[in-house]
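Next come the chains, spelled out residue by residue.
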Amino acid sequence: MEVKTYIQENRERFIEELFSLIRIPSVSSRQENKPDMIACAERWKAILLSTGMTRAEVMPTGGNPVVYGERLLSPEAKTVLVYGHYDVMPPDPVDLWKSDPFEPQIRDGRIYARGADDDKGQAMIQAKGFETALQTGILHCNVKFILEGEEEIGSSGLEAFCETHKDLLKADTILVSDTSMIGEETPSLTTGLRGLSYWEIEVTGPNRDLHSGHFGGAVANPIHVLCKMITDITDADGRITIPHFYDDVEELSAGEKEMLAKAPFDEEKYKEAIDVKELFGEKGYSTLERNSCRPSFDVCGIWGGYTGEGAKTVLPSKAYAKLSCRLVPHQDSEKISALFTNYIHRVAPRYVRVKITHSHGGQPYICPVDLPAYKAAEKGFTVAFGKPPLAIRRGGSIPVIPTFEKVLGIKSVLMGFGLERNAIHSPNESFGVDMFYTGIEAVAEFYRSFS
């Protein structure tokens, strides 16, 4: 049977199985949804077995369980490890949804529900792509699945799980469908992700809030000091001034620049969509380079002093900010954190005390485009979409991807089918029905090529 025929004959079943997952409110950040996490893991186990996995089990961790499945054809065959997650973000604010976030609806060819894209829809594409390849006789490699329940809260226990189960997770490549494409008419594969370093900084001046009339002009204001230090981290050209920050940054190759230039991008529409008159970023680079291939520094939040209703003339004791850097391949999150911490302590004036907390971070990732698995994914996209995909880096971070490389020594191929319009993490998250079936075809064709 042909791939397209099998998908066509099983369209309704594929959708209903996806809906059975979506109806379980597996919100990992809420204690009240703990029973739902177990229920969703068990439902995934049943689905994996129904696709043709010969083994599937729910495995305990220090937090929410991991669902593992496998179908091993031969010890000599290549092995693909598929990663996804079954937890979702909270649906809030619920009153902005046009329908129940956990009762999926199809409207105008789109599935509306929490998890329709991120990541139940995309993980189901992988499951049904595997099933389709198996049932049409084009699967000739071993396949394993690992589905976690804590991606939306940081995957804190996954590294330990991978360390403990290295032999179980042994594979030649990892397939991940938790990323996006440029557009429906412009298929793309993600070849790079930015890393992250994130800090909270506390600046303390006097030992209590002071009367600004009695002390203003004689005592340094911590908010002023904090703002000055933050402002000086970038210069007028948008370049980060921390010494040695750019030491490991690699310039894009001519081939990558050429590929990026092929991506459809309308700067005027980009500005209009976010309601700004002008863009600003590192001098000498295009907008697409700045938001995906270059490092950045951002103030994510800042506060201090009196912020309540009315006036209160105080010189505050403390000021706070949350700060982050997006990092590019070859930059190390821990190294950058050390550079940032040393820099702030060095420039902080004596009239304040500074405390820096490095709350979390993640390494950047790059996928070589000459990997056999990447070539197979490229072939799968070409067959399913009717044109070869662009190879594009993305600006976000997925900490688990570099974790896989670090612990398991395996490269991941980011075979994502999301679109910007899908509004993941927001009210009215959605996923195109046609994209769901096209993605299944692309995954099945990946297996034909990779096998």
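Rules behind the numbers
Residues numbered from 1 in each chain as written. Predicted model: local features only at pLDDT ≥ 70, side-chain atom pairs only at ≥ 80, totals over all residues. Heavy atoms only, no water. Buried < 20%, exposed > 50% of the residue type's maximum accessible area, 1.4 Å probe, protein only. Helix = DSSP H or I, 4+ residues; strand = E, 2+ residues; numbered from the N terminus. Pairing = 2+ DSSP bridges. Axes fitted to C-alpha atoms, helices over the stretch in contact; angles between N-to-C directions. Contact = heavy atoms within 4.5 Å. Patch = residues over 30% accessible without salt bridge, like charges linked within 9 Å, V, L, I, M, F, W, Y side chains within 5 Å. Areas by Shrake-Rupley, 256 points an atom, 1.4 Å probe, with all protein chains shown as cover. Salt bridge = Lys/Arg side-chain N within 4 Å of Asp/Glu carboxyl O. Lys, Arg positive; Asp, Glu negative; His and termini not counted. Charge placed at Lys NZ, Arg CZ, Asp CG, Glu CD.

### Focus: the pairing of strand β16 (residues 390-394)
Burial analysis of β16 places 4 of its 5 residues in the buried class, the great majority of the element. Relative to β16, strand β8 (residues 188-193) runs parallel, the two sharing 5 bridges. By the bridge assignment, Gly 192 is partnered in β16 with Arg 393.

### Examining the sheet that holds strand β5 (residues 110-112)
One open sheet holds the 3 strands; their spatial order is β4-β5-β18, and the pairing between them is antiparallel. In the strand order of this sheet, the two ends are held by β4 (105-107) and β18 (430-432), each with one partner. Adjacent strand axes in the sheet meet at a mean angle of 30°, parallel and antiparallel pairs treated alike. Relative to β18, β5 runs antiparallel, the two being bridged by 3 bridges. Considered in β18, the bridge of Tyr 112 is made with Ser 430. Across the sheet, helix α14 (residues 433-450) touches β4, β5 and β18, and the angle it forms with β18 is around 60°.

### Observations regarding a negative patch on the surface
There is a patch of like negative charges on the surface, built from Asp 266, Glu 267, Glu 272, Asp 275 and Glu 278. For Glu 272, the position within the fold is in helix α9 (residues 267-274). The exposed category is assigned to Glu 272, whose relative accessible area is 64%.

### Some remarks on the pattern of salt bridges
Scanning the model with the defined rule gives 28 salt bridges in all. With a closest N to O distance of 3.0 Å, Glu 159 and Lys 406 form a salt bridge. With Glu 159 in helix α5 (residues 158-164) and Lys 406 in helix α13 (residues 400-408), this residue pair connects regions lying 247 residues apart in the sequence. The class of Glu 159 is partly exposed, set by a relative accessible area of 29%. On the basis of relative accessible area, Lys 406 is assigned to the exposed category, the value being 62%. When the shortest N-O distance is used, the salt bridge between Arg 239 and Glu 282 registers 3.1 Å. Of the two residues, Arg 239 sits in the loop between α7 (222-231) and α8 (254-261) while Glu 282 sits in the loop between α9 and α10 (287-290), which places them 43 residues apart along the sequence. The class for Glu 282 is buried, based on a relative accessible area of 6%. Shared partners join several salt bridges into a network, and the residues in it are Arg 13, Glu 17, Lys 128 and Glu 131.

### Re the pairing of strand β6 (residues 142-148)
For β6, the buried fraction is high: 7 of the 7 residues fall into the buried class. Across the two faces of β6 the burial is the same, with Asn 142, Lys 144, Ile 146 and Glu 148 and Val 143, Phe 145 and Leu 147 all buried. In this sheet, β6 lies alongside strand β2 (residues 66-71) in antiparallel orientation, the contact comprising 5 bridges. Counterpart to Tyr 68 in the pairing with β6 is Ile 146. Bridging between strand β3 (residues 79-85) and β6 involves 7 bridges; their strand directions are parallel.

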